[in-house]
Amino acid sequence: MSGRNIRTLVLLVSLGVNLFLLGAVITHMLTRQSPPVVPEMSWMVRDLGAADRQAIRPRLQALGDSLRPLRVEMFQAQQEVNRQLQQEPLDEEAALAAFARLREANLRYQQQSHQQMVSLMASVEPEQRRRIMRFMSDRRPPEPPRGERSTRDPASSPLPR
């Protein structure tokens, strides 16, 4: 084979690989499913069946949409805290004020998400609520750092899975 034929062959193979990858990406984009539920609430409905999760999904999406501005506010407040803590010299009053704004934003987010959780729980069937509560009860507290003894009463721990 001549050098020209080899270059043509390499070009055709490269073109074929690129077209294949482009097709795979387009196929993935067209066939991918949207996330099953909004991340903020997904842990609550993990144990529900697919049909139940699908039925609740629009409501969870709306709840997540209403939380988004509060999450943005928390993120911005955290960025301000980070900026204040990196200032030279450190302005302690400004840093404490930034932390206060972060706490306030966090509290607003918690209040809204707790109201939404109660609203969601009131809207589901009793059996679904029991499944959600079973999942929440099965969650274990974080393990203490190595070398530290737990002061937790073992009788209060959830049963092993």
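Computed from a prediction, not measured in an experiment: that's the story for all the values here.

A few points about the overall build of the protein
The helix and strand inventory of the protein stands at five helices and zero strands. Seen in sequence order, the protein has helices and strands lined up from the N terminus as α-α-α-α-α. Here the protein holds 161 residues, and 20% of them are scored as buried. If you take every contact in the protein between residues at least 6 apart in sequence, the share linking residues at least 24 apart comes to 53%. By element, 57% of the accessible surface of the protein is carried by carbon and sulfur atoms, the whole surface being about 12500 Å².

Some details on unusual backbone geometry
Residue P89 follows E88 across a cis peptide bond; omega there is -10 degrees. Counting through the fold element by element, P89 comes out in the loop between α3 (50-86) and α4 (92-123).

Side note on α4
Taking 1.5 Å of rise per residue, the 32 residues of α4 would be expected to cover 46 Å, and the 46 Å separating its terminal C-alpha atoms lies within 8% of that figure. Looking only at α4, the buried set comprises A95, A98, L102, A105, Y109, S113, Q116, M117, L120 and M121. Near the N-terminus of α4, the side chain that reaches the backbone nitrogen of E93, with its oxygen 3.2 Å away, is that of D91.

Looking at the side chain of Q84
Here Q84 is to be found in helix α3. According to the relative accessible area criterion, Q84 is buried, its value standing at 14%. Ignoring anything within four residues of it in the chain, the contact list for Q84 reads L90, A94, A95 and A98.

Let's talk about the pattern of salt bridges
Considering all chains together, one arrives at four salt bridges under this definition. Across the pair E73 and R108 runs a salt bridge whose closest N-O atoms are separated by 2.0 Å. On the criterion of sequence distance, the pair formed by E73 in helix α3 and R108 in helix α4 is long-range, its members being 35 residues apart. R83 serves as the salt-bridge partner of E80, at 2.9 Å between the closest nitrogen and oxygen. One end of the pair is E80 and the other is R83, both in helix α3 and three residues apart, which spans about a single turn.

Examining a nonpolar patch on the surface
On the surface, L12, L15, L19, L22, I26 and L30 cluster together into a nonpolar patch covering about 620 Å² of accessible area. Relative to the helices and strands, L22 resides in helix α1 (residues 3-31).

Thoughts on the confidence of the model for the protein
Caution applies to low-pLDDT regions: their predicted coordinates should not be interpreted in detail. Summarising the model, the protein shows a mean pLDDT of 76, and 71% of its residues fall at 70 or more. Across the protein, the element-wise mean pLDDT spans from 53 in helix α2 (residues 39-42) up to 89 in α4. Counted against residues more than four places away or in other chains, residues 34-40, with its pLDDT under 50, gives 14 contacts.

Procedures and definitions
Residues numbered from 1 in each chain as written. Predicted model: local features only at pLDDT ≥ 70, side-chain atom pairs only at ≥ 80, totals over all residues. Heavy atoms only, no water. Helix = DSSP H or I, 4+ residues; strand = E, 2+ residues; numbered from the N terminus. Buried < 20%, exposed > 50% of the residue type's maximum accessible area, 1.4 Å probe, protein only. Contact = heavy atoms within 4.5 Å. Areas by Shrake-Rupley, 256 points an atom, 1.4 Å probe, with all protein chains shown as cover. Expected span 1.5 Å × (residues − 1). Polar contact = N/O pair within 3.5 Å; in protein donor to acceptor, adjacent residues only side chain to side chain. Salt bridge = Lys/Arg side-chain N within 4 Å of Asp/Glu carboxyl O. Patch = residues over 30% accessible without salt bridge, like charges linked within 9 Å, V, L, I, M, F, W, Y side chains within 5 Å. pLDDT = per-residue confidence, 0-100.

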